[in-house]
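Read off the chains here:
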Amino acid sequence: MYYYIVIALIVAILIHFIKNRIQYNREIVQYVDKLPGPKAYPFIGTFHVFIGVKRNATFKTLKNVSAQYGPLYRTWARSSPEVNIMKPEYFEIIMKSSTLIKKGITYGFLFPWLGDGLLISSGAKWFQRRKMITPAFHFRILEHYMEVFLEKSKKLVDILLTKSNGEIFDIYPYITHCALDIICETAMGVSVNAMDDVTGNSYVDSLYRASELIIRRRFSPWFQSDLYYLFPEGREFQKHLNVLHGFTSKVIGDRKKFLKQNPNNKINPTFDDMLTSSKKRLSFLDLLLSANETIPDKDIREEVDTFMFEGHDTTTAGICWSLFLLGNNQDVQDKVYEELKQILGDKKCPESISDLSNLKYLECCIKEALRIYPSVPFISRKLTEDVVIDGYKIPKGVYCNLHIYKVHRDPEIYPDPMKFDPDRFLPENAAKRHPYAYVPFSAGPRNCIGQKFAMYEEKTILSAILMSYKITTIDSQSTVNELAELIMRPENGLKIRLEKRHK
Ligand code: HEM
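**Regarding the site of the ligand**
Inference 1: Neighbouring the ligand are 28 residues, the closest being Lys-103, Tyr-107, Trp-126, Arg-130 and Cys-448.
Inference 2: Between the ligand and Tyr-107, the relevant distance is 2.5 Å, taken from an oxygen atom to a side-chain nitrogen or oxygen of the residue.
Inference 3: Within the backbone of Leu-118, an N or O atom sits 3.3 Å from an oxygen atom of the ligand.
Inference 4: Of all the secondary structure elements, the ones that give two or more residues to the shell around the ligand are α6 (123-133), α13 (297-310), α14 (313-328), β4 (378-382) and α20 (451-468).

**Describing the packing of aromatic side chains**
Inference 1: The full count for this structure, using the stated rule, is 26 aromatic pairs.
Inference 2: Ring centres 6.0 Å apart and planes at 90° place the aromatic pair Phe-59 and Phe-378 in the edge-to-face group. Of this pair, Phe-59 sits in helix α3 (residues 58-69) while Phe-378 sits in strand β4; the two residues are 319 residues apart in sequence, bridging distant segments of the chain.
Inference 3: Its relative accessible area of 5% is what places Phe-59 among the buried residues.

**A look at the coordination of the iron atom of the ligand**
Inference 1: The sole protein-derived ligand of the iron atom of the ligand is Cys-448 (SG), positioned 2.3 Å away.
Inference 2: Tracing the sequence through the fold places Cys-448 in the loop between α19 (427-430) and α20.

**Section: the packing of α14 against helix α15 (residues 330-344)**
Inference 1: Look at α14 against α15: their axes get within 5 Å of each other, and the N-to-C directions meet at 110°. The pairing of α14 with α15 is recorded here as roughly perpendicular in orientation. Residues Leu-326, Gly-327 and Asn-328 of α14 touch α15, and the partners they reach there are Gln-330, Val-332, Gln-333 and Val-336.
Inference 2: Among the residues forming the contact of α14 with α15, the class breakdown is 3 nonpolar, 4 polar and no charged.

**What about the sheet that holds β4?**
Inference 1: One open sheet accounts for 4 strands, arranged β1-β2-β7-β4; its pairing is mixed. The outermost strands of the open sheet, each flanked by one partner alone, are β1 (72-77) and β4. Adjacent strand axes in the sheet meet at a mean angle of 25° when their direction is disregarded.
Inference 2: With respect to the sheet, α3 is in contact with β1, β4 and β7 (399-403), its orientation differing from that of β1 by roughly 135°.

**Details of the environment of Met-455**
Inference 1: By secondary structure assignment, the location of Met-455 is in helix α20.
Inference 2: A residue is classified by how much of its surface remains accessible, and Met-455, at 15% relative accessible area, is buried.
Inference 3: Taking the C-alpha atoms as reference points, Met-455 and Glu-363, 92 residues apart in sequence, are found 8.1 Å from one another.
Inference 4: Those residues within four positions of Met-455 in sequence are excluded, and the remaining contacts are Glu-363, Ile-366, Lys-367 and Phe-441.

**Notes on the sheet that holds strand β11 (residues 495-500)**
The pairing of strands in a sheet happens through backbone hydrogen bonds and is either parallel or antiparallel.
Inference 1: Taken in spatial order, the 3 strands line up as β3-β11-β8 in an open sheet, and their pairing is antiparallel. Only two strands of the sheet have a single neighbouring strand rather than two, namely β3 (165-170) and β8 (469-473). Adjacent strand axes in the sheet meet at a mean angle of 30°, parallel and antiparallel pairs treated alike.
Inference 2: Examined bridge by bridge, β3 and β11 share 4 bridges and lie antiparallel to one another. Note on β11: the bridge partner recorded for Asn-165 is Glu-499.
Inference 3: The sheet strands contacting helix α7 (residues 139-161) are β3, β8 and β11, and the helix crosses β8 at an angle near 70°.

**Things to note about the pairing of β1**
Inference 1: Across the 6 residues of β1, 6 count as buried, placing the element largely inside the fold.
Inference 2: Residues of β1 alternate between two faces, with Leu-72, Arg-74 and Trp-76 on one and Tyr-73, Thr-75 and Ala-77 on the opposite face, all of them buried.
Inference 3: As paired elements, β1 and strand β2 (residues 80-85) share 6 bridges and run antiparallel to each other. Across the sheet, Leu-72 pairs through a bridge with Ile-85, a residue of β2.
Inference 4: Taken together, β1 and the strand that follows it, β2, pair antiparallel across an intervening segment of 2 residues, in which Arg-78 is found at a positive phi of about 55°.

Thresholds, definitions, all that
Residues numbered from 1 in each chain as written. Predicted model: local features only at pLDDT ≥ 70, side-chain atom pairs only at ≥ 80, totals over all residues. Heavy atoms only, no water. Near = heavy atom within 4 Å. Polar contact = N/O pair within 3.5 Å; in protein donor to acceptor, adjacent residues only side chain to side chain. Helix = DSSP H or I, 4+ residues; strand = E, 2+ residues; numbered from the N terminus. Phe/Tyr/Trp six-rings, centres within 6.5 Å; stacked < 30°, edge-to-face > 60°. Buried < 20%, exposed > 50% of the residue type's maximum accessible area, 1.4 Å probe, protein only. Donors = N, O, S within 2.8 Å, 3.2 Å for Na, K, Ca; no water. Axes fitted to C-alpha atoms, helices over the stretch in contact; angles between N-to-C directions. Parallel < 35°, antiparallel > 145°, perpendicular 65-115°, else oblique. Contact = heavy atoms within 4.5 Å. Nonpolar A, V, L, I, M, F, W, Y, C, P; charged D, E, K, R; others polar. Pairing = 2+ DSSP bridges.

Structure representation (structure tokens):
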């Protein structure tokens, strides 16, 4: 049996290699190889730089390669050429284009999980879905979501009370479960009460392990084809997929059941309905379930999987990195607290979008945290037409990786780049920078549909925590290890100490 698997593996690799060589004809190779980059070998391309590298050193290895060859260099994902870019001017060429919207290699490995949902799809399907889903994230709808942000933030603050006795603990799972409750209740209209048990949650556990396995697969030459599923690691990935899909299927099932049992709540929202409905909290899932043109169950699941993942893992990381930096910079935390007292007065949390909009300094802190630690450190495209970057022609068919974290840490744009300095985001300072020098939510037609949602959620949760507690972080920037497995997060969670504030 083992013998056959090895033969099948070799044949599959050979077929894949030959197919790709034909596809990327010699002209493409010539153009791409004009760029600097690590030495490439047959079958493995430039993956050798990752062979033997441990999980917690993968991002560091990538950073070293970028430091050596950047800001424009080429790599070979086995036989697929990639260019890596890390300058705002280069980002602008890709991000502002309305035609360069096809996603890159990593998204292919996300496909078994997220399918052809909004994050991964392209062409007419993406365009139509984006148009359809956009109203669910209009700021008037977000006003309705504000009550959920508030309710869940208050619950989180209450839960954290038991931890405010000076003990050191990991706040990451608490934030994760709070964000999960929020995305389920706002976008899906379903309560999952994840915060009631932060110690174990099979959805969250499977999500982290699946993210890790996706990145391992991305950089392992032998795991690229579907033969992956014959290996124990591929089978483990499949097991986690079943958990992830089981959770989202249940969410959809619960909402369908609710709509069936409550015919008066059944809605058929149009954009106007959504804007004018003052009482009902209209969810994005309702929008999909009651669309005029019936959307197949499979497509609904893909969108729910996409929003469930994008809608909580990214904001969790953003909130945690903000807390990490505030806990390391007490002077900044004091300033945030002063602003909170001044804007909120006797309130314990911001209660409206207008409260949130007045928290200008907190916003600078969140933006600065997303600069140093962007939740999404890389994005990637497959070029569907030739582009010229810095005088180099990059032919159609080549993959293009945009290193967001690298631009955000460019010392020429942000002097002393790892310093947490929220004043960089005062309007007069931000205006001096290139518009694509700060892109945590990407930019252009494929930007993040949930960016306002994310900012409101982050502001509400952070305000609630900081109004009630003073935070001290245990790790410093020099001791924390960044993992960049789809989402950038601290390897060992976020260890903090909380001290109750007495007003
Ligand atoms: C701090 C929080 C967040 C960050 C940093 C972030 C970042 C990003 C980035 C960089 C992209 C572009 C991805 C690419 O081009 O491949 C993106 C796309 C997307 N984001 Fe977010 N995101 C955040 C929160 C959210 C939230 C809260 C939601 C949903 C409620 C969401 C839903 C999406 C979706 C669906 C896309 C794909 C959009 C499209 O291609 O049309 N994100 N996000």
